[in-house]
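Here's the letter readout for the chains.
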Amino acid sequence: MIILNDFFQNRIEEPTAFTIGKFDGLHRGHELLFEDVLAQKECLPCILTFKISPRVAILKEEDRNLITAEERRKELERKGLEYLLEIPASEEFFALEPEEFIHILYDNFHMRYLACGTDFSFGKKGLGNVELLRKLSKELGFRLCVEEKLTDHEKEISSTLIREEIKEGHILRVNELLGYPFFIWGRIVHGNHIGTGMGVPTINQLPPEEKLLPPNGVYVTEVEIHGKIYHGISNVGVKPTVQNQGPIGVETYILDFKENVYEESARVIFLEYVREERKFDSLDALKEQIRKDTDFAFRFFNHRASEGNSNP
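Remember, it's a predicted structure, so these values are computed and weren't measured experimentally. (Residues numbered from 1 in each chain as written. Predicted model: local features only at pLDDT ≥ 70, side-chain atom pairs only at ≥ 80, totals over all residues. Heavy atoms only, no water.)

Draft legend 1. Representation of the overall build of the protein within the structure. Scanning the protein from terminus to terminus reveals 9 helices and 14 strands. Out of the 312 residues belonging to the protein, those deemed buried represent 49%. Long-range pairs, those at least 24 residues apart, make up 74% of the contacts in the protein with a sequence separation of at least 6. With the model as given, the accessible surface of the protein reaches about 15,800 Å², and the carbon-plus-sulfur share is 48%. (Helix = DSSP H or I, 4+ residues; strand = E, 2+ residues; numbered from the N terminus. Buried < 20%, exposed > 50% of the residue type's maximum accessible area, 1.4 Å probe, protein only. Contact = heavy atoms within 4.5 Å. Areas by Shrake-Rupley, 256 points an atom, 1.4 Å probe, with all protein chains shown as cover.)

Draft legend 2. Spatial organisation of the nonpolar core. Grouped together as the largest cluster of nonpolar side chains are 30 residues, with contacts concentrated most on Phe-7, Phe-101, Ile-102 and Leu-105. For this core, the secondary structure elements donating two or more residues are β2 (16-20), β3 (44-50), β4 (83-87), α4 (98-108), β5 (111-117) and α5 (130-140). The residues contacting Leu-105, other than those within four sequence positions of it, are Phe-7, Phe-18, Ile-20, Leu-48, His-110 and Met-111. Counting residues in each nonpolar core, the second largest holds 28 residues, with Ala-17, Leu-33, Val-37 and Ala-115 among its members. (Core = buried A, V, L, I, M, F, W, Y, C linked by side-chain atoms within 4.5 Å.)

Draft legend 3. A look at the environment of Leu-140. One can find Leu-140 in helix α5. For Leu-140, a relative accessible area of 19% gives the class buried. Spatially, the C-alpha atoms of Leu-140 and Arg-112 are 9.0 Å apart, while their sequence positions differ by 28 residues. Setting aside residues up to four positions removed in sequence, Leu-140 forms contacts with Ile-102, His-103 and Tyr-106.

Draft legend 4. Expanded view of the packing of α4 against α5. Here α4 crosses α5 at 45°, and the two axes come no closer than 11 Å. The pairing of α4 with α5 is recorded here as oblique in orientation. Between α4 and α5 lies a crossing of right-handed hand. Contact with α4, carried on its side by Pro-98, Glu-99, Ile-102, His-103 and Tyr-106, involves Leu-132, Leu-133, Leu-136 and Leu-140 of α5 and no other residues of that element. Here the contact of α4 with α5 is composed, by residue class, of 7 nonpolar, 1 polar and 1 charged. (Axes fitted to C-alpha atoms, helices over the stretch in contact; angles between N-to-C directions. Parallel < 35°, antiparallel > 145°, perpendicular 65-115°, else oblique. Left-handed = near helix turned anticlockwise from the far one by under 90°. Nonpolar A, V, L, I, M, F, W, Y, C, P; charged D, E, K, R; others polar.)

In structure tokens, the structure reads:
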């Protein structure tokens, strides 16, 4: 996948199929648009979105993103997108008149197909709408596909709804709305090695501050390392039994896994909530709870195997 970041200077010379949006979370509603552009075999499938900027200090939980820039790039590449036009949210861009915006896409990026939702707005002050797009598509000669908003249980699927469900810890519901299991990508870093000393070596990750995480607690997970999927049990939080404070991290015990993977990258996939994070009176008590959590995970995966479910 080729990543471009300058809306005014970059060019694509071949015919393209575009969809445009913030694409925070890449949920089921977004997937309809991706499928539309990927189905246009005579055009290169392209996404136009805004650059997700890491923020040094996040004061409000609602400012955090369902997906980081790196995670979004990886997932879009997996889907088969040819171009990602990932532009900064600049004053110059937002000053474009709606017609000017579409003309640039048509002339400079050879847009010959555009997929969008019914509420899509664009250009200066968001004055561009689907009605204008229909007019411009006839004038310029590009094809337009307008998708109705996707609903689930009579609620419109949106990043806002998914964010609310994550904050409540409703992982199963989150995964239904996304259309795939919620995950984090991150480099494996050294922890305090307490788990190794207890015979349950873990991997530790420190997600960036802009990543929205589910509530502190323990979750059944799967872990992707080097393209292979392993079963795991993960703790989101600050590990209060062994430290009093620190950044929120994700610590995962990978079942039946003994390899040294420090400094590698891993994708931790959240499948089921187990319990809240809590402080134990001793390391022995913590070790016993880890055994119970691990047994829960084994039962989960054994049940899923008996049901014939496959990995995501």
